[in-house]
Amino acid sequence: MSKLSGVDVLADILTAMRVGRPVAALTEVHAPWGLRFDQVLGAAFHVVLQGSCQLVPLPGTAFAEVQLGPGDVVLLGGGTPHAIVSAPDAPRTPFAPVRDRPGGSFGRFTLPGSGARSTIVCGAYKLMRHRPHPLLRDLPEVLHLPAAPGRNPNLRAMVDLLGAELHEAPPGAAAVAPALVDALLVYLIRAWMSGSENSTTSWSAALSDPEISPVLAAMHADPRRAWTVQQLAAVAGLSRAAFARRFTSVVGEPPLTYFTRWRMTIAAQLLRTTDHTLARVADAVGYGSPFAFAKAFTREYATTPGSYRAEPGG
């Protein structure tokens, strides 16, 4: 694919929205069993490698129960509290894996017993919660990707490879497994975009639109540039008025509104992940002075850049 393809924009978005490495644990349980996920610091996911289970809501949350089997993957983009159980009446244990090392991103969790065994990879992606990108807001509360023959072959290959690394633990698995979990999010979103029944206003539609996708790529490739609607319309090959209407219809907001949002998303990531001066952050997103940048950032995030940098979490 070209440098200005939709996949590059997707990678750009996910890179900007991440605020830490994903965490995951190889989970082995024996029926009857249940695991509670009361507080998820990010987007939770489960990959069923062996056995079966049900994804169920906890009190205070509401979503339809989902039956999961071998090869199924489920993503809860908002980190909704939930449980996975072997049966509805099974006892539920808070999920508390043992990390492979202090502060490590991978670990194991085991519940012994004599019943049928299930093996599941349970984890979470740490994503920016404050003003999330519209792509992430478009995700359903529960994204279930069943292991249907012939569907999402690349995702299936990723799941198989992750399972093999965890079960066989060959040399280098400690480095490979976290990288596979990290890449899994991209495959999940790709599968969702290719298989969902999308309206004309959605990010999966925007990233595949022949006129809008190049415009998004141009914005992402050069956030320092003072883009005008006329210049962006030229990238799309449309008149100014036709472009503005089409961009707003497909993306859900006007082009310069989105561009400002994207600039501030980059700035927020830089504030949280680097020690760059305010002037350097301002320059990275195309603002001529720290004062002008701080004013724009405060308008977008309802807090100053300095206060945002000092806040914990995403």
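For the structure given in this document, a descriptive report is provided here. (Residues numbered from 1 in each chain as written. Predicted model: local features only at pLDDT ≥ 70, side-chain atom pairs only at ≥ 80, totals over all residues. Heavy atoms only, no water.)

So, about the pairing of strand 6 (residues 73-76). Neither face of strand 6 is exposed, since Val73 and Leu75 on one face and Val74 and Leu76 on the opposite face are all buried. Judged from the four bridges that link them, strand 3 (residues 43-50) and strand 6 form a sheet pairing that is antiparallel. Across the sheet, Ala44 pairs through a bridge with Leu76, a residue of strand 6. Inspection of the sheet shows strand 6 paired to strand 12 (residues 143-145) by three bridges, in the antiparallel sense. The residue bridging Val74 from the neighbouring strand is His144, located in strand 12. (Buried < 20%, exposed > 50% of the residue type's maximum accessible area, 1.4 Å probe, protein only. Helix = DSSP H or I, 4+ residues; strand = E, 2+ residues; numbered from the N terminus. Pairing = 2+ DSSP bridges.)

In this section: the packing of aromatic side chains. Using the criterion set out here, one finds 10 aromatic pairs in the structure. On the numbers, 4.8 Å between centres and 35 degrees between planes, the contact of Phe37 with Phe95 is tilted. Taken together, the residues span a long stretch of sequence, with Phe37 in strand 2 (residues 34-37) and Phe95 in the loop between strand 8 (93-94) and strand 9 (98-99) at a distance of 58 residues. Of the two residues examined, Phe37 and Phe95, each falls in the buried class. Considering the side-chain rings of Phe293 and Phe297, the 5.7 Å spacing of their centres and the 50 degrees angle between planes classify their relative orientation as tilted. Here Phe293 pairs with Phe297, and both are found in helix 11 (residues 290-301), just four residues apart, close to one helical turn. Assessed through its relative accessible area of 0%, Phe297 is described here as buried. (Phe/Tyr/Trp six-rings, centres within 6.5 Å; stacked < 30°, edge-to-face > 60°.)

This part is about the pairing of strand 11 (residues 117-125). Within strand 11, eight of the nine residues are buried, which leaves it mostly tucked inside the rest of the structure. Pairing of strand 3 with strand 11, which is carried by seven bridges, proceeds in the antiparallel orientation. Pairing of Ala44 across the sheet is with Ala124, part of strand 11.

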